[in-house]
Amino acid sequence: MKTILFIIFVGSVNVLASSSVVTGEWPSVSPNPVETNVFLGDPFILLHDDTYYAYGTYAGDGIAVYVSQDLLTWEAVQGNRLALDKKDSWGDRWFWAPEVYHVDGKFYMYYSADEHICVATGDSPLGPFKQDVQRPMIAGEKCIDNSLFIDDDGKPYLFYDRFNDGLNIWVAELADNLTEIRPETAVKCINVSQAWEEVWPRVNEGPFVLKHDGKYYMTYSANSYESPFYGIGYATADKVTGPWTKYAGNPILQKPGALVGVGHNAMFRDKAGDLRIVFHAHHSETEIHPRAMHMSTVTFAEKDGKTIMQIDEDFMTPVLLP
């Protein structure tokens with residue numbers, strides 16, 4: 001199974017400067033009154049053939065996609081075409097939290113529809129993504145926020161949220177076709193257990209897993225998504241199936257700058273090799289929707305003899321061109 005590639009880099013719309021590539025600094029862009037934020041909740045970014053694709057929760061009838069050459073400025077696909085239309089999917093509402101991966105020449109979109117986890121495939125990052133058999137991955141149970149992880153040995157896993165005592169995060173093996181889950185392998189990873197998470201509706205959600213220096217790191221979101229104190233924490237494990245231990249210093253991102261309600265992230269390596277993170281935030285301090293996409297930098301540091309994950313509070317906010 002080929003290595004999955006989903007790396008990004010942010011550059012200025014006018015100058016994709018080599019200095020930015022080397023230093024990893026965020027570029028700036030002059031304000032333009034016709035530009036708007038990129039309105040995507042639960043954002044995910046894919047790089048394929050030198051073009052960047054952003055997917056997220058926004059459209060009521062499927063999954064939206066935007067494209068960029070520099071990661072700072074984005075454009076809608078001609079005709080505002082969706083990457084996935086509900087006519088090509090099980091379910092007819094609540095199309096949430098898509099992630100797209102390119103594996104062995106095929107594109108896989110993992111997403112939620114009507115509070116069930118689903119996967120669709122396509123031949124292009126723009127789609128159209130379709131389910132050959134329109135059904136959820138687990139028909140008899142509501143689950144959301146599925147995220148693919150393929151380990152160094154090529155074994156695929158799916159992380160996802162289950163609705164039991166609020167939302168908690170589980171992992172299960174996938175079949176080699178990447179479209180079928182093996183429910184008998186499901187193991188619980190984490191549940192609400194820290195003080196900052198103890199808010200109705202009790203959620204640990206939006207998992208994303210990477211491997212760093214032989215250890216597994218899972219970022220997740222907690223506190224109510226409607227709350228300004230929604231934030232990002234992480235847990236670690238020596239095996240992909242756990243046991244997982246939460247970082248005692250969580251949350252590692254909550255209310256950075258003027259942003260509130262930050263969460264549901266994905267991580268990626270940029271062209272300079274820097275580890276980046278994309279996440280959403282509330283529309284404003286008084287309005288939740290439409291949520292907008294933002295990006296920051298992830299680093300690892302030694303503290304008290306342990307390696308900890310850090311998210312820089314200096315974030316970048318991309319714009320959508322008319």
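This structure is a prediction, so every number in the text was calculated from the model and none was measured.

Peer 1: Just give me the short version of the overall build of the protein, but keep the residues and values in it.
Peer 2: Secondary structure summary: the protein contains one helix and 22 strands in total. Taking all 322 residues of the protein together, the buried fraction comes to 56%. In the protein, 51% of the contacts between residues at least 6 apart in sequence involve partners at least 24 apart. Accessible area for the protein stands at about 13,700 Å²; split by element, carbon and sulfur atoms hold 48% of it.

Peer 1: So what about the sheet that holds strand 14 (residues 204–212)? Which residues, and what values?
Peer 2: Strand order in this open sheet of four strands is 14-15-16-17, and the pairing throughout is antiparallel. Each edge of the open sheet is held by one strand with a lone partner, namely strand 14 and strand 17 (245–246). Where strand 14 lies against strand 15 (residues 215–222), seven bridges are found, and the strand directions are antiparallel. Of the residues in strand 15, the one forming a bridge with L210 is Y217.

Peer 1: Tell me about the sheet that holds strand 20 (residues 292–303), and please be specific about residues and values.
Peer 2: Strand order in the open sheet formed by four strands is 18-19-20-21, and the pairing between neighbours is antiparallel. Edge positions in the sheet fall to strand 18 (263–269) and strand 21 (306–311), since each has one partner strand and no second. Shown here is a sheet whose adjacent strand axes are inclined to one another by a mean of 30°, direction ignored. Bridge count between strand 20 and strand 21: six bridges; the pairing is antiparallel. The residue of strand 21 that forms the bridge with V298 is I311.

Peer 1: Report on the layout of surface pockets, specifying residues and quantitative values.
Peer 2: Its volume calculated, the second largest pocket comes out at about 480 Å³. Taken together, 28 residues line the second largest pocket, and the ones lying closest to its centre are D42, W96, E205, Y225 and R291.

Peer 1: I'd like a description of the pattern of salt bridges, backed by residues and values.
Peer 2: Applying the stated criterion across every chain, the model contains 13 salt bridges. One salt bridge in this structure joins R291 and D42, with 4.0 Å as the shortest N-O distance. Taken together, the residues R291 in the loop between strand 19 (275–281) and strand 20 and D42 in strand 2 (residues 41–48) connect sequence positions 249 residues apart. Judged by its relative accessible area of 12%, R291 is buried. By relative accessible area, D42 is classed as buried at 9%. Three or more residues joined by partner-sharing salt bridges are found here, namely D151, D152 and K211.

Peer 1: Outline the packing of aromatic side chains, supporting the account with residue identities and numerical values.
Peer 2: Taken as a whole and assessed by the stated rule, the structure comprises nine aromatic pairs. Their ring planes at 85° and their centres at 6.2 Å tell us that F159 and W244 sit as a pair that is edge-to-face. Of the two residues, F159 sits in strand 11 (residues 156–163) while W244 sits in the loop between strand 16 (231–237) and strand 17, which places them 85 residues apart along the sequence. F159 sits in the buried class, given a relative accessible area of 1%.

Peer 1: Outline unusual backbone geometry, supporting the account with residue identities and numerical values.
Peer 2: Excluding glycine, a negative phi dihedral is what most residues carry, and trans is how most peptide bonds are arranged. The omega torsion across G127 and P128 is 5°, close enough to zero to call that bond cis. On the secondary structure map, P128 appears in the loop between strand 9 (116–122) and strand 10 (143–150). Across the junction of H289 and P290, the peptide omega takes the value -5°, indicating a cis bond. Even without being a glycine, D165 presents a positive backbone phi close to 55°.

Peer 1: Report on the pairing of strand 11, specifying residues and quantitative values.
Peer 2: For strand 11, a buried count of seven out of eight residues is recorded, marking the element as mostly surrounded by other parts of the structure. Note: strand 10 against strand 11, six bridges, orientation antiparallel. Looking at the pairing, F149 lines up with Y157 of strand 11.

Peer 1: How would you summarise the environment of N168 if you had to cite specific residues and measurements?
Peer 2: Here N168 lies in strand 12 (residues 167–173). Taking relative accessible area as the criterion, N168 reaches 2% and is therefore assigned buried. C-alpha of N168 to C-alpha of P207: the two residues are 39 residues apart in sequence and 9.7 Å apart in space. Excluding anything up to four places from it in sequence, N168 contacts Y160, D161, R162, K188, I190, N191 and N204. Of note is the side chain of N168, whose polar atom sits 2.4 Å from the backbone oxygen of N164. Among the polar contacts made by the side chain of N168, one reaches the side chain of W170 at a distance of 2.8 Å.

Peer 1: Residue-level account of the side chain of T236, with values.
Peer 2: Of note, T236 is situated in strand 16. Taking the relative accessible area as the measure of exposure, T236 reaches 17% and is therefore buried. Residues in contact with T236, not counting those within four places in the same chain, are K215, Y216, Y217, P243, W244 and T245.

Peer 1: Before we move on, can you summarise the nonpolar core with the specific residues and values?
Peer 2: One finds Y55, W74, M109, Y110, I181 and M293 to be the most contacted residues of the largest nonpolar core, which totals 76 residues. For this core, the element with the most residues is strand 8 (residues 106–113), which contributes six residues. Contact partners of M293, with chain neighbours within four places excluded, come to V38, L40, P43, I45, A54, W74, V278, F279, T317 and P318.

Each value, and the rule that gives it
Just so you know, the residues in each chain are numbered from 1, in the order the chain's sequence is written. Local features in this predicted model are restricted to residues of pLDDT 70 or higher, and side-chain atom pairs are both shown and tallied only at a pLDDT of 80 or more, whereas totals for entire chains, interfaces and linings draw on every residue. Working from all heavy atoms in the structure, the side-chain values ignore hydrogens and water. Numbering of helices and strands runs from the N terminus, with a helix taken as a DSSP run of H or I at least four residues long and a strand as a DSSP run of E at least two residues long. When accessible area is computed with a 1.4 Å probe and restricted to protein chains, residues below 20% of their type maximum are described as buried, those above 50% as exposed, and intermediate ones as partly exposed. Two residues qualify as a contact provided that any one of their heavy atoms is within 4.5 Å of a heavy atom in the partner residue. Residue burial considers only the protein chains on display, and all accessible areas are found by Shrake-Rupley using a 1.4 Å probe. Two strands make a pair as long as DSSP finds a minimum of two bridges between them. Between N-to-C directions, angles cover 0 to 180 degrees, with each direction set by a line fitted to C-alpha atoms, over the stretch in contact for helices. Put simply, the grid is 1 Å and covers the protein atoms alone, a cavity is a trapped set of points that fit a 1.4 Å probe, a pocket is an open set with protein on both sides within 12 Å along at least five of seven lines, and lining residues have an atom within 4 Å of a point. Grid points are joined across faces, edges and corners, and a volume is the space filled by probe spheres set on the points. When a carboxyl oxygen of Asp or Glu lies within 4 Å of a side-chain nitrogen of Lys or Arg, that pair is called a salt bridge. A pair of aromatic rings is counted whenever rings of Phe, Tyr or Trp (Trp by its six-membered ring) have centres within 6.5 Å, and the orientation is called stacked for planes under 30 degrees apart, edge-to-face for over 60 and tilted otherwise. As used in this structure description, the phrase polar contact means that two N or O atoms lie within 3.5 Å; if the pair is within protein, one of them must be able to donate a hydrogen and the other to accept it, and residues adjacent in sequence are counted only when both atoms belong to side chains. Throughout, nonpolar core names a set of buried Ala, Val, Leu, Ile, Met, Phe, Trp, Tyr and Cys residues whose side chains join them through atoms within 4.5 Å.

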